[in-house]
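Coordinate analysis (summary)
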Amino acid sequence: MHNIALYIHIPFCMKKCNYCDFASFAGRQELLPAYLLAVEKEMAMQSQRHPNCTVKTVFVGGGTPSLLEPKDYMFLTKAIHRYFFVVHDAEISIEANPGTVTPAKMVAMQAAGFNRISFGVQAVQEDLLAAMGRIHQQADAVESVQMAVEAGFKNINLDLMFGLPKQSMVQWQETLLFAVAAPVQHLSCYSLSIEEGTVWGTLSEKNLLPPVSEELDRRMYHTARALLHKHGFEQYELSNFAKKGFSCRHNLIYWERGDYLGIGAGAHSLMENQRFSNAAALAPYILFFNMHPCFSNQDAAFRVEEEIVLHGRQFEGPAEEGVFQDSLQQEKSGAANPET
């Protein structure tokens, strides 16, 4: 059997964030039913293209998967089990945004088999959240995590961002302290990267976005490392910190350059040394879900180089300061991210 990770992309959101360059679309929720049917059809097709696969982890990301209706979560997991062999102890993750979840959705996720949830908190200050284009406030984050705990989730992640325009060190420390006080087991800390085609990208090109100094960005990164270590979160990858036993198994497959299959509009895959992706636009994906243009059939030299870069994101125990600084520069450029 061929071990793989399975990624399912839900490209719907209530509002496009000002920094986001992912394949996501705001205000198109009327297409969700047709989209989910296309996702199921692609699963059927991919299970035939890649037979004898054992799914070790599942990750439903977006977009905002928490915009789905409660019944949709069971639809997704039933389809996954229908077309793929999923190990009994698989890590099955789903992304959610504060302000878009309800107790009924949390219960439905649990009933459908999701055992890990990741909340896009990013920051806890109202002014920073508004500037980012986020739809939630700090109180929504608190309420959402509490809903997850009450529904039975025992593996909860918070996504946090630093290096934001006008973000101070004090604000970053406040966000970190909020996170370590929450009943969560995993934290992801990402340095902002300004991407072309985003709202902030356009403002940056016009010199209308306050720049963040590299020195402050690095201080925020190392502050996070020290503070999270003090509170029992061990760093196992450049941007990821976990309590013992809670490292994200799905993301580790990316960093170890394992095979993963992406389902959905704009989803990327790496299968048997071949990278390919789906059309990113909604209508082409829904109408022609079986489009898989290959954009990289890598030679052996490239694969070795990629393995070195990806492995460099992981570490166990202390490492030299220079290694982290070099890796941080890779992350900010996006060069080390297999999903970029």
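Data block above holds the structure.
Below: a short report on this structure. Quick caveat: nothing in here was measured; it's all calculated off a predicted structure.

Following the sequence through the fold, Ser118 ends up in strand S6 (residues 116–122). A relative accessible area of 3% means that Ser118 is categorised as buried. Ignoring anything within four residues of it in the chain, the contact list for Ser118 reads Ile94, Glu95, Ala96, Asn157 and Asp159.

Moving on, we get to the environment of Glu42. Examined against the element boundaries, Glu42 turns out to sit in helix H1 (residues 32–49). Separated by 222 residues in sequence, Glu42 and Gly264 have C-alpha atoms that sit 7.7 Å apart. Polar contacts involving the side chain of Glu42 include one to the side chain of Tyr285, which spans 2.6 Å.

Another point: the pattern of salt bridges. What the rule picks out here adds up to 3 salt bridges. Between Arg82 and Glu40 there is a salt bridge, with the nearest N and O atoms lying 2.6 Å from each other. Note that Arg82 is positioned in helix H2 (residues 70–83) and Glu40 in helix H1, a separation of 42 residues in sequence. Overall, Arg82 belongs to the partly exposed group, its relative accessible area being 48%. In this structure, the salt-bridge partner of Lys71 is Asp72, at a minimum N-O distance of 3.3 Å.

Okay, helix H6 (residues 169–181) next. The end-to-end C-alpha separation of H6 is 18 Å, in line with the 18 Å expected for 13 residues at 1.5 Å each. Within H6, the full set of buried residues consists of Met169, Gln171, Trp172, Thr175, Leu176, Phe178, Ala179 and Val180. Those residues of H6 that are buried are in contact with S6, helix H4 (126–132), helix H5 (138–151), strand S7 (156–162), strand S8 (186–191) and helix H8 (214–230).

A word on the environment of Asn52. Here Asn52 lies in the loop between H1 and strand S4 (53–62). What makes Asn52 exposed here is its relative accessible area of 55%. With 50 residues separating them along the chain, Asn52 and His2 place their C-alpha atoms 6.1 Å apart. Setting aside residues up to four positions removed in sequence, Asn52 forms contacts with Met1 and His2.

This part takes up the packing of aromatic side chains. This model, assessed by the stated rule, comprises 9 aromatic pairs. Ring plane angle 45° and centroid distance 5.3 Å describe the contact between Tyr35 and Tyr285, whose orientation is recorded as tilted. Residue Tyr35 is located in helix H1, and its partner Tyr285 is located in helix H10 (residues 282–287); the two are separated by 250 residues in the primary sequence. In this structure, Tyr35 and Tyr285 share a single accessibility class: buried. Put simply, the rings of Phe12, Tyr35 and Tyr285 touch in pairs and so form one group of aromatic residues.

Strand direction decides the pairing type here: strand S12 (residues 268–271) and strand S13 (residues 274–277), joined by 4 bridges, are antiparallel. Directly across from Ser269, in S13, lies its bridge partner Phe276. Taking the residues that link successive antiparallel strands as the turn, the S12-S13 hairpin has 2 residues, and the phi of Glu272 there is positive, at about 50°.

Cut-off values and rules
The residue count restarts for each chain, going from 1 along the sequence in the order it is written. Side-chain atom pairs in this predicted model are given and counted only at pLDDT of 80 or more, local residue features only at pLDDT of at least 70, and totals for whole chains, interfaces and linings cover all residues. Note that the side-chain values use all heavy atoms of the structure and ignore hydrogens as well as water. Numbering of helices and strands runs from the N terminus; a helix is a DSSP stretch of H or I covering at least four residues, while a strand is a stretch of E covering at least two. Working definition: with a 1.4 Å probe on protein chains only, accessible area under 20% of the residue-type maximum means buried, over 50% means exposed, and in between means partly exposed. Residue contacts are defined here by distance: any two heavy atoms, one from each residue, within 4.5 Å place the two residues in contact. We define a polar contact as two N or O atoms separated by no more than 3.5 Å, with the added condition that, inside protein, one atom must be a possible hydrogen donor and the other a possible acceptor, whereas residues neighbouring each other in sequence contribute only through side-chain atom pairs. Definition used for salt bridges: Asp or Glu carboxyl oxygen within 4 Å of a side-chain nitrogen of Lys or Arg. Expected helix span is taken as 1.5 Å per residue step, with the number of steps being one fewer than the number of residues. Side-chain rings of Phe, Tyr and Trp (the six-membered ring for Trp) are treated as a pair once their centres are within 6.5 Å; stacked means planes under 30 degrees apart, edge-to-face means over 60, and tilted covers the remaining angles. By definition, two strands form a pair when at least two bridges between them are found by DSSP.

Purely geometric stuff here, so don't read any function into it on its own.
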